[in-house]
Amino acid sequence: MDKFAGENKIHLLIESVRQGQNFVRCNGIGITERAYLISRLSREIHNTQVLVLQDFKACEEFSENLHFFADNDTPEIILFPSYNILPFKRASYHNVTAANRIHTLYNLAVNNSPKIVVTPVETLLQRLIPKQVLCDYAELLMCGEEIDRDILIAKLHSGGYTHVTLVEDFGEYSVRGGIIDIYSPLYPEPLRIELFGDTVESIRFFSSATQRKIESVNEAVILPARETVLEKSRMNQTVRRIRDQVDENGLSSQIAEEFIERIRKEGVFPGIESLLPLVYQQLDTLFDYVPENSLWIESNSGALDKAALYAEGQAAKNYLDALQDERLSVDPETLYLKWTSVKERIKEEKRLLFCELPLMTPNHESGQPVFRIDFSVQNNTEISSALLEEKKDRHILAPFSEWINEKQSAGFLILIVCSSESQIKRLQSLVAPYEIYPRLTEAPVEKIKYRKTGIYVCLGNLSTGFVWYDESLAIITENEIFGSKQRRRRSKKKTRGIKTALLDFGELNAGDLVVHIEHGIGIYRGLEKLSFEGIVNDYLLLVYKDDDKLYLPVDRLDMAQKYMGVDGIKPVVDKMGGKSWQRIRAKAKKSVEKIAGELLALYSSRKVSKDMHLHRRIITTRILKQVSRTKKHLINSKPLMMCFATWKTHLPWIG
């Protein structure tokens, strides 16, 4: 029997953590309730909390739930992603992922304020750039101070930045005389540093989309673009470790020399993240970045074990594959921690374990005393099932009305969560016949915090609702009322209305150009068979600027088309995830809309024109000239097979 029955168990949890209890186990707590409980806990203990979940999808969902319950007193919520690529593969993770990771690590390293860090177990296993290296690299630029322009550019190169003409993405920089544009991972927008001689005259943020100024600042910090910093002072040590590793792998000395030459010529290149032990003598882990006295929170230990062991297996398999392919690689144990050692390390910290089922567990675990609290929180499965059964009835919301009245009579705070304003209006109109009038609130957390009882509806995203009797709190989501939304695939509709030939394996050869609807022009490098979560599938390998790789499943061929080409025009490969392709698409759309407007005016004028044939010739000639100018403008910036196809689709009578 729970010795804390009848007491405020959330208060007991807060006090047990505040007083330094090393291991607290909470039973009977579902996913959404955990977010509510952690938000309550974070306002009281003022310590960093590290929440470890089984995968990144679960982290994203939990982070969204946390944001719903957050208020001004809630610490910063940080979502720390994994590499999101298979280890020991010749691929580099996306610039946005790289920026998020570097930003998070630097934030943890220099900012001691409490935070809530949500991360997948795979990230916890990964060894990281040494904390001291990251802090030493950080470059503070201030207006009015002198800098050495050449040294700054060399530092950007060593930190993995890419030299480009126009800065659009994280990790890029450009130089135009005394103007240096840098997209540092620390900021959401790029920086423009203007020099007068060797003096920093101004620092300002600008829009990567429009290149226009946003705001001026007096100082800014430049961080490395990636977790690999190739400094000249450590290059000899790196070269020695590369040669030693080549000998250990039984590879030829030529592979070592080619690799060394590539590092000296290119600096940081895709795939080098899998070789961090060759760059740094000693790597750190997330434990080294997280402040002391942090609270480590585990959720569903069984799922964590499964995910961690799978990650270990993938690393070992890919390592053996790399050796078989005679590729330079390092022992997985030098790049990843063992899950068994990670669990032992967590046991040395203050920790909180959540279990969904109210298990009767012993008061000791591996000799460590356990402070156990059994919560009693009800999910909304019963009311959801009742509403589903009543769908064909005239009074389909009668069970919901009864549920509301029951909770209202018991003095509950009732909160209905909807994802859009239109859904809120729909709900209010549907429950009005039952004499239920939920009040719209823009601050649901304030209602919860101060127990302002009543029926409220709010805008937000929440996985599921719950009924917490000790808290007199009942939350229900629109999906639990109306059922989950099924996303329909629009198989009949062609991709964005573009009528061009789909990919044909018979006509597609390695090296051919392919246009992806979201990422633009890339180079087809062949068909690869990959296994993901035990499922083997065929993927098209598309390579973009800076050797970024995209693996496109064969069942998603409608997302890409073969580049048709324009005579005399040499295409430019796009940057995957960059903004240039999006701007080109937006520009083409604007041109088509303009032409469509002129067509509408043409058709309207036909009805009142006495000389229809002559009128048509005049206006058609004007439209053709506009189309020609638009084509010429876009071709000069970049060949656009998709845009040409769009013109033909909207203007089939144009030759």
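A quick note: this is a predicted structure, and the numbers were derived from the prediction, not measured.

Calculation notes
Residues numbered from 1 in each chain as written. Predicted model: local features only at pLDDT ≥ 70, side-chain atom pairs only at ≥ 80, totals over all residues. Heavy atoms only, no water. Helix = DSSP H or I, 4+ residues; strand = E, 2+ residues; numbered from the N terminus. Buried < 20%, exposed > 50% of the residue type's maximum accessible area, 1.4 Å probe, protein only. Contact = heavy atoms within 4.5 Å. Areas by Shrake-Rupley, 256 points an atom, 1.4 Å probe, with all protein chains shown as cover. Expected span 1.5 Å × (residues − 1). Pairing = 2+ DSSP bridges. Axes fitted to C-alpha atoms, helices over the stretch in contact; angles between N-to-C directions. Phe/Tyr/Trp six-rings, centres within 6.5 Å; stacked < 30°, edge-to-face > 60°. Lys NZ or Arg CZ within 6 Å of the ring centre and 35° of its normal. Salt bridge = Lys/Arg side-chain N within 4 Å of Asp/Glu carboxyl O.

Caption draft 1: The overall build of the protein chain, seen in detail. Helices and strands together make up the secondary structure of the protein chain, namely 22 helices and 28 strands. In the protein chain, buried positions account for 50% of the 655 residues. The contacts in the protein chain between residues at least 6 apart in sequence include a share of 70% that link residues at least 24 apart. Accessible area for the protein chain stands at about 33,400 Å²; split by element, carbon and sulfur atoms hold 49% of it.

Caption draft 2: Representation of helix α12 (residues 301–324) in the model. The end-to-end C-alpha distance of α12, which contains 24 residues, comes to 35 Å, matching closely the 34 Å that a straight helix rising 1.5 Å per residue would cover. Within α12, burial applies to Leu304, Ala308, Ala311, Gln314, Ala315, Asn318, Tyr319 and Ala322. Tucked into the core, α12 has its buried residues touching β2 (49–53), α5 (121–125), α8 (235–249), β13 (295–299), α13 (332–335) and α14 (339–347). Downstream of α12 by one or two residues, Glu326 has phi in the positive range, about 60°.

Caption draft 3: Quick look at the sheet that holds strand β22 (residues 466–468). Read across the open sheet, the 6 strands follow the order β18-β22-β23-β19-β21-β20; overall the sheet is mixed. Among the strands making up the open sheet, the edge pair consists of β18 (377–378) and β20 (439–440). Two strands pair when backbone bridges link them, and β22 and strand β23 (residues 473–477) are joined in this way by 3 bridges, in the antiparallel orientation. Paired with Val467 across the bridge in β23 is Ala474.

Caption draft 4: Geometry of helix α16 (residues 398–409). With 12 residues, α16 extends 16 Å between its outermost C-alpha atoms, agreeing within 8% with the 16 Å of an ideal straight helix rising 1.5 Å per residue. Here α16 has its buried residues at Pro399, Phe400, Ser401, Trp403, Ile404 and Lys407. Positive phi shows up at Gly411, right after α16, with a value of about 80°.

Caption draft 5: Structural context of the sheet that holds strand β4 (residues 115–120). Taken together, the 7 strands give an open sheet; going across it, the order is β3-β4-β2-β13-β14-β1-β17, and neighbouring strands pair in parallel fashion. Every interior strand has two partners, whereas the edge strands, β3 (76–79) and β17 (371–374), have only one. On average, each strand axis in the sheet is inclined to that of its neighbour by 20°, with strand direction left out of account. With 4 bridges connecting them, β2 and β13 associate as parallel partners.

Caption draft 6: Molecular detail of the packing of aromatic side chains. Enumeration according to the criterion identifies 11 aromatic pairs in this entry. Aromatic side chains Tyr36 and Phe69 sit 5.4 Å apart centroid to centroid with 65° between the ring planes, which places their arrangement in the edge-to-face category. Remark: Phe69 occurs in helix α3 (residues 56–69) and Tyr36 occurs in helix α2 (residues 31–45); sequence separation between them is 33 residues. You can call Tyr36 buried: its relative accessible area is 2%. Judged by its relative accessible area of 1%, Phe69 falls in the buried class. Here Phe466 and Trp468 contribute two aromatic rings whose centre-to-centre distance is 6.0 Å and whose plane-to-plane angle is 75°, an arrangement assigned as edge-to-face. Considered together, Phe466 and Trp468 belong to a single accessibility category, that of buried residues. An aromatic cluster of three or more residues is present, and its members are Tyr36, Phe68, Phe69, Phe375, Phe466 and Trp468. The positively charged end of Lys155 is found above the aromatic ring belonging to Tyr137, 5.0 Å away from the centroid. The lysine or arginine in question, Arg426, covers the ring of Phe482, its NZ or CZ lying 4.1 Å from the ring centre.

Caption draft 7: Representation of the pattern of salt bridges. Considering all chains together, one arrives at 25 salt bridges under this definition. Glu44 is paired through a salt bridge with Arg18; the nearest N and O atoms lie 3.3 Å apart. Residue Glu44 is found in helix α2, and its partner Arg18 is found in helix α1 (residues 9–18); the two are separated by 26 residues along the sequence. Under the relative-accessibility criterion, Arg18 is labelled partly exposed at 41%. A salt bridge links Lys347 to Glu344; the shortest N-O distance between them is 3.7 Å. Of the two residues, Lys347 and Glu344 both sit in helix α14, 3 residues apart, roughly one turn of that helix.

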